[in-house]
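# Structural overview
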Amino acid sequence: MVKANMMTAVVINQYGDEDQLSKQEMPIPTIAEDELLVKVESIAVNPIDWKTRQGLRQERYPFEFPIILGQEMAGTVVKVGAKVTEFNVDDEVIGYGTPSNHGTYAQYFKIKADQVAKKPSAISFEEAAGLGLAGTTAWEALFDAGKLKAGQTVLILAGSGGVGMMAVQLAKNAGAHVISTTSTANVDFVKDLGADEVIDYKKTAFSSEVKNVDLVFDTLGGDNQRAAFQVVKPGGRVISIVETTAQAAQLSDKFNVTFDKINAHPDQKIIRELAAMFGAGKLTVWVTATLPFTVDNVKKLHRQSAAGHVVGKLVLNVN
């Protein structure tokens, strides 16, 4: 039994493989005057989580151990900071937190009030947990960095993934012509999301099918990122959320294409807009797996995420 003022969390005490994940009792966070304490209902598992576990982010984020992983969750407000006016106890919320060593893999999560939006009644906790990080990342890539406008053409790589799924819908809602890539099994799924054209990467390379797009949203990196420069019109953009290849700068100059690698950040205005769009039936969050919040299930979803080819979101239910 967890003691008073303590909570159960899944943590790592050193970087490494999935065996570093363990259950640990931790103090329930104390909130500042601009923060909320949220009782977590659902947690989304993202590639950023297992990358942190492996130590791939330690140079940028030199966290102290133990590290509670996770940035994305949905839950119910149980405490409100003294200077917070727009939220109340018992509000159901969607949250996407700043990277820290006190993440969302826990029964309680403290978060800045300006990184939270109220959860529409039409969206479940599981769906809401998968909306914040993925939706914000897609929004910032397409519109903030990518400058996508109605009538333009965008190529979204991996349209069936958690971020790609949101990007396809957001781009279509914005009035763009949407092309996306996916595997044979998910072609119909990506079309149903709103893609105007879907390229089965198992059958053909997108670089032989696509030309003169205004924007490529790269969620894959590597050879796909290098090929992206070949399909963008001069003056267009390649926006990536994964690693920058060694050739990116050279290819940017060669093809007269703007390249940017972005690191998404929480933005309350975007999360609110995403929540409103979901409530209005303009967005869908496809949850591909929901499991109880245990160490074994965290390991399972980390393996599934790291293997790639996940359709939609992976979610843990806490209570």
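Cut-offs applied
Residues numbered from 1 in each chain as written. Predicted model: local features only at pLDDT ≥ 70, side-chain atom pairs only at ≥ 80, totals over all residues. Heavy atoms only, no water. Axes fitted to C-alpha atoms, helices over the stretch in contact; angles between N-to-C directions. Helix = DSSP H or I, 4+ residues; strand = E, 2+ residues; numbered from the N terminus. Parallel < 35°, antiparallel > 145°, perpendicular 65-115°, else oblique. Contact = heavy atoms within 4.5 Å. Nonpolar A, V, L, I, M, F, W, Y, C, P; charged D, E, K, R; others polar. Buried < 20%, exposed > 50% of the residue type's maximum accessible area, 1.4 Å probe, protein only. Pairing = 2+ DSSP bridges. UniProt positions renumbered as here; feature names shortened; annotations may be inferred. Core = buried A, V, L, I, M, F, W, Y, C linked by side-chain atoms within 4.5 Å. Domains from an automatic or database assignment. 1 Å grid on protein atoms, 1.4 Å probe; cavity = no way out; pocket = protein on both sides within 12 Å on 5 of 7 lines; lining within 4 Å. Points joined across faces, edges and corners; volume = space filled by probe spheres on them. Phe/Tyr/Trp six-rings, centres within 6.5 Å; stacked < 30°, edge-to-face > 60°. Lys NZ or Arg CZ within 6 Å of the ring centre and 35° of its normal.

### A short note on the packing of helix H1 (residues 47–54) against helix H9 (residues 295–307)
Direction vectors running N to C along H1 and H9 enclose 105°, while the axes themselves pass 9 Å from each other. With respect to H9, the axis of H1 lies roughly perpendicular. Judged by residue contacts, Pro47, Asp49, Trp50 and Arg53 of H1 engage His302, Ser305 and Ala306 from H9. Broken down by class, the residue content of the contact of H1 with H9 amounts to three nonpolar, two polar and two charged.

### Overview of the environment of aspartate 260
Along the polypeptide, aspartate 260 turns up in strand S14 (residues 258–261). Judged by relative accessible area, which is 33%, aspartate 260 ranks as partly exposed. For aspartate 260 and valine 315, which are 55 residues apart along the polypeptide, the C-alpha to C-alpha distance reads 30 Å. Ignoring anything within four residues of it in the chain, the contact list for aspartate 260 reads Ala145, Val238, Ile239 and Ser240.

### Quick notes on unusual backbone geometry
For the peptide bond that leads from phenylalanine 65 to proline 66, omega is -5°, which places it in the cis range. With respect to the helices and strands, proline 66 occurs in the loop between H1 and strand S4 (67–68). Phi at histidine 309 is positive, roughly 65°, even though this residue is not glycine. Looking at the secondary structure, you find histidine 309 in the loop between H9 and strand S16 (313–317). The class for histidine 309 is exposed, based on a relative accessible area of 67%.

### Points about the sheet that holds strand S9 (residues 153–156)
The strands making up a sheet are joined through hydrogen bonds of the backbone, oriented either antiparallel or parallel. Within the open sheet, the six strands sit side by side as S11-S10-S9-S12-S13-S14. Their pairing is parallel. Taken across any chain shown, the strands that pair with only one partner, and hence form the sheet edges, are strand S11 (197–200) and S14. Going across the sheet, the axis of each strand differs from the next one's by a mean of 15°, ignoring polarity. Taken together, the four bridges between strand S13 (residues 232–240) and S14 define a ladder with parallel strand orientation. For arginine 237, the partnering residue across the bridge sits in S14 and is threonine 258. Each of S9, strand S10 (177–182) and strand S12 (213–218) is contacted by helix H4 (residues 162–173), which is oriented at about 170° to S9, the strand it contacts most.

### Side note on the UniProt feature "domain: Enoyl reductase (ER)" (unreviewed entry) in the protein
The sites that carry the UniProt feature "domain: Enoyl reductase (ER)" (unreviewed entry) are, in the present numbering, residues 16–316. Structurally, residues 16–316 comprises 29% helix and 28% strand, and the distance from its first C-alpha atom to its last is 21 Å.

### What to know about the nonpolar core
Within the largest apolar cluster, 49 residues are counted, with the highest numbers of intra-cluster contacts made by Leu142, Val154 and Leu170. Elements that contribute at least two residues to this core include exactly strand S6 (92–96), helix H2 (125–129), helix H3 (132–145), S9, H4, helix H5 (187–193), S12 and helix H8 (268–279). The leading source of residues in this core is H3, at eight residues. Inspection of this core shows a minimum of three residues originating in each of domain 1 (6–132 + 285–317) and domain 2 (146–261). Beyond its immediate chain neighbours, meaning those up to four positions away, leucine 170 contacts Gly135, Ala138, Trp139, Leu142, Phe143, Leu274, Met277 and Leu283.

### Digging into empty space enclosed by the protein
Unoccupied space between atoms shows up once a probe the size of one water molecule is rolled over them. On inspection of all chains with the given rule, the structure shows one cavity of 30 Å³ or more. Thr52, Arg57, Gly70, Gln71 and Ser100 are, among the 13 residues lining the largest cavity, the residues nearest its centre. For the lining of the largest cavity, the secondary-structure elements that each account for two or more residues are H1 and S4. With three residues, H1 is the single largest residue contributor to the lining of the largest cavity. Looking at the lining of the largest cavity, its residues break down into six nonpolar, five polar and two charged.

### Examining the packing of aromatic side chains
Centre-to-centre distance and the angle between the planes together describe a pair of aromatic rings. In the structure shown here, the tally under the stated rule is five aromatic pairs. Arranged with centres 5.7 Å apart and planes meeting at 35°, the rings of phenylalanine 229 and phenylalanine 259 form a pair that is tilted. Of this pair, phenylalanine 229 sits in the loop between helix H6 (222–228) and S13 while phenylalanine 259 sits in strand S14; the two residues are 30 residues apart in sequence, bridging distant segments of the chain. For the pair phenylalanine 229 and phenylalanine 259, one class covers both residues: buried. If you follow lysine 119 out to its NZ or CZ, it ends over the ring of phenylalanine 125, 4.8 Å from the centre.

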